[in-house]
Amino acid sequence: MNANDLSWPTMKDLYSQINQQDPVLATYIVPVTLLIAGYFILQHVSGRKNDSVQEPPVASYWIPYFGHLFGFLFDPGRLVRDLKKKYPDSPFTLIMMGHKFHIYNSSEVIAHVFSRSREYLFHPIVASMMENGLAMPRSDQVKFEVPIAEYSSDQKESRAFVEANHTVFVKNLSGHSLTTTMREYSKHFAKALEEAFPEAIVDGNTSINLHDKLERVIFFASLNTFFGKRLQANYSEMFEDFRALEKALYVGVRSNLAFQLNPRAEKARARLLDHFDAWVDVELGDWGDEDVAWNEKWGMRLNWERERLHREHDFTRRGRSCSHASFLYVMNTNSGPLTTWFLTNILQSPTLLSHFQAECQKHVLHSDKKNIGFDLPKLRASPLVQGIWKESLRLGSVNAVARVLAKDIELKGYLLKQGSVILIPVQLLHYNTDVFPDPERFDPQRWVFDESNNDAAVKQKQMMAHLRPFGGGGGICSGRFVAEEEVILAAATLVMKYDFVMQNKVELHPMALGIMSPKKGVWVKMQTKK
Ligand code: HEM
């Protein structure tokens, strides 16, 4: 054996050997494989260094293309909080499915982003939900797509639809309409509560999963208030279908793959949309007296107005169904978990429970065996209730405000490119130790201020600027006041009607798009008060 036998063969030697044995492999397969591998290696290496000195640094990751996706899906809050420790003084970038997501965390940036809704676009996020989550027909999807950068004439029309749709929401869910909505809601809530908690299970001995029950109560109270009774007629599995769709939407708002891989969710979505098809497939009719808030056919006037608007913009029947289904989704997906979380925060502390009950008692309007009516605006304004509400939102939220860049923008010394996404994860604001000392602690008192003290007013403003569970700017949740009164109404009614014994410690599940649900349910024994 001579020294040459021990030397490594050169690439040329190897290649000519392969060529002799299999010319197709040598001519096509090997070069193409090398090209693809080279592309991914380049992407990976360049991604891990810095795409450009001007863009925020890319946090390191291992799997090319997918990047931080799996970490983000499994625990979005933890991922960004851990990475923030590595980038305490700068924004940073996540890579997911080849896209860039720039993570910022200051209240100043959030105010800037919200005040420039034509540069930081909310509507592509809604369009993605319509496309991936609800499989809206393409001809209707485009009506949700406000263009990135320049507006052409037909795109102006899409902006007209999106803005008019938002205006209908705002008009019908706030101000004077809030009172009428909640009057209607209270009736349906009382009925749903009675059905979910029959006498037989509130005997003090039966273990009940409170979260499961509350999700059902909130779902049917909202459904019957906003959509009337027609939608659920002959549709006994509606709640189960909605839950299956809701679960799949965690991934499904971003990718249709969630439904391709989950036939049960796909079927549930199809059934739900078929029922919405039948619901919209009737004559619109006149509403009549504008002061009438609710009718049997459309539920709240809001839905009749939305249906009219969609027809004016030539939506297909399926397109209208998808849009109504998306409203059912946004009104429900967070309110159930927040009701459970708000209530369990109270139930876990006997002192807080007795203070909250005393506050509720002050604002009872009428009470009988079946139902209790509260002066909701006054109850809601109580500093104690506000403290519990804000702490529940602060510790219960995991969503991230997302906006798509309409053009290249320089922000805080970094260049963000058109089409990339700016993400402001609320946990980075809600756990900011400069604003919320000992941030893990549930402390309603931190929201109680001495109004006459100037420093306290400044502090209050700073805390409010850091509490962002409802987004902001043009995309801000128009149902936030309804959500607040719904949650407070449910908690007030339950603590006034029943005594509770908690059976487990509540831990929240980190995988959520908004408010987190309890990991293993909330097990309680309940008894009707004597
Ligand atoms: C705790 C409960 C809720 C939370 C945490 C929540 C949160 C959010 C968030 C984060 C957004 C996106 C905002 C942005 O990116 O700037 C949003 C949008 C929206 N939410 Fe809510 N929401 C809740 C309850 C409700 C309820 C009860 C309704 C209706 C009755 C509702 C109706 C809407 C609508 C219609 C939008 C789309 C924005 C628009 O065009 O008006 N939400 N919500």
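Values in this document were obtained by computation on a predicted structure and should not be read as measured data.

## Some points on the UniProt feature "transmembrane region" (unreviewed entry) in the chain
Right, on to step 1. UniProt marks residues 24-42 and 62-80 with the feature "transmembrane region" (unreviewed entry), using the numbering shown here.
Right, on to step 2. Taken as a whole, residues 62-80 contains 58% helix and 0% strand, while its terminal C-alpha atoms sit 16 Å from one another.

## What about the site of the ligand?
Right, on to step 1. In the region of the ligand, 24 residues are neighbours, and G471, G475, C477, S478 and G479 sit closest.
Right, on to step 2. Among the secondary structure elements, those contributing two or more residues to the shell around the ligand are α9 (153-173), α16 (317-333), α17 (335-347) and α23 (480-497).
Right, on to step 3. A total of three residues in the shell around the ligand trace back to one element, the largest contributor, which is α9.
Right, on to step 4. Of the residues belonging to the shell around the ligand, the class tally is 14 nonpolar, ten polar and no charged.

## Regarding the UniProt feature "binding site: heme" (unreviewed entry) in the chain
Right, on to step 1. The sites that UniProt annotates as "binding site: heme" (unreviewed entry) are C477.
Right, on to step 2. Within the secondary structure, C477 sits in the loop between α22 (454-465) and α23.
Right, on to step 3. Once residues within four sequence positions are removed from consideration, C477 is found in contact with F470 and G471.

## Considerations on the sheet that holds strand β9 (residues 400-405)
Right, on to step 1. The sheet built from five strands is open, its strands ordered β1-β2-β12-β9-β3 with mixed pairing. Looking at strand neighbours, the two that pair on one side only are β1 (92-96) and β3 (120-121), the edges of this open sheet.
Right, on to step 2. Where helix α5 (residues 76-86) meets the sheet, it contacts β1, β2 (99-103), β9 and β12 (421-425), and its direction lies at approximately 95 degrees from that of β12.

## Side note on the confidence of the model for the chain
Right, on to step 1. Chain-level pLDDT for the chain is 88 on average; 88% of the residues reach the 70-or-more range.
Right, on to step 2. Long-range and interchain partners of residues 1-11, a stretch whose pLDDT sits below 50, account for one contact in this model, where long-range means more than four residues apart.
Right, on to step 3. Across residues 38-53, where pLDDT falls below 50, the model places 13 contacts with residues more than four positions away in sequence or in other chains.
Right, on to step 4. The ipTM, which scores confidence in the relative placement of chains, is 0.97 for this predicted complex, and the corresponding pTM is 0.88.

Definitions and cut-offs
Along each chain, residue indices are assigned from 1 in the same order as the chain's sequence is written. Residues qualify for local features only when their pLDDT is at least 70, as the model is predicted, and side-chain atom pairs are given and counted only at 80 or more; totals for whole chains, interfaces and linings, by contrast, use all residues. UniProt positions are given in the numbering used here, feature names are shortened, and annotations may be inferred rather than shown by experiment. Secondary structure is summarised from DSSP: a helix means a run of H or I of at least four residues, a strand means a run of E of at least two, and numbering begins at the N terminus for each. Should the C-beta atom of a residue, placed from the backbone, lie within 6 Å of a molecule or strand, that residue is near it. Just so you know the grouping, Ala, Val, Leu, Ile, Met, Phe, Trp, Tyr, Cys and Pro go in nonpolar, Asp, Glu, Lys and Arg go in charged, and all remaining residues, Gly too, go in polar. Any residue pair is listed as a contact if its two C-beta atoms, each placed from the backbone, are within 7 Å. Two strands pair if DSSP finds at least two bridges between them. Only the stretch in contact is used when a helix axis is fitted, and all axes are lines through C-alpha atoms; the angle between N-to-C directions ranges over 0 to 180 degrees. Confidence per residue, as judged by the predictor, is encoded in pLDDT with a range of 0 to 100.

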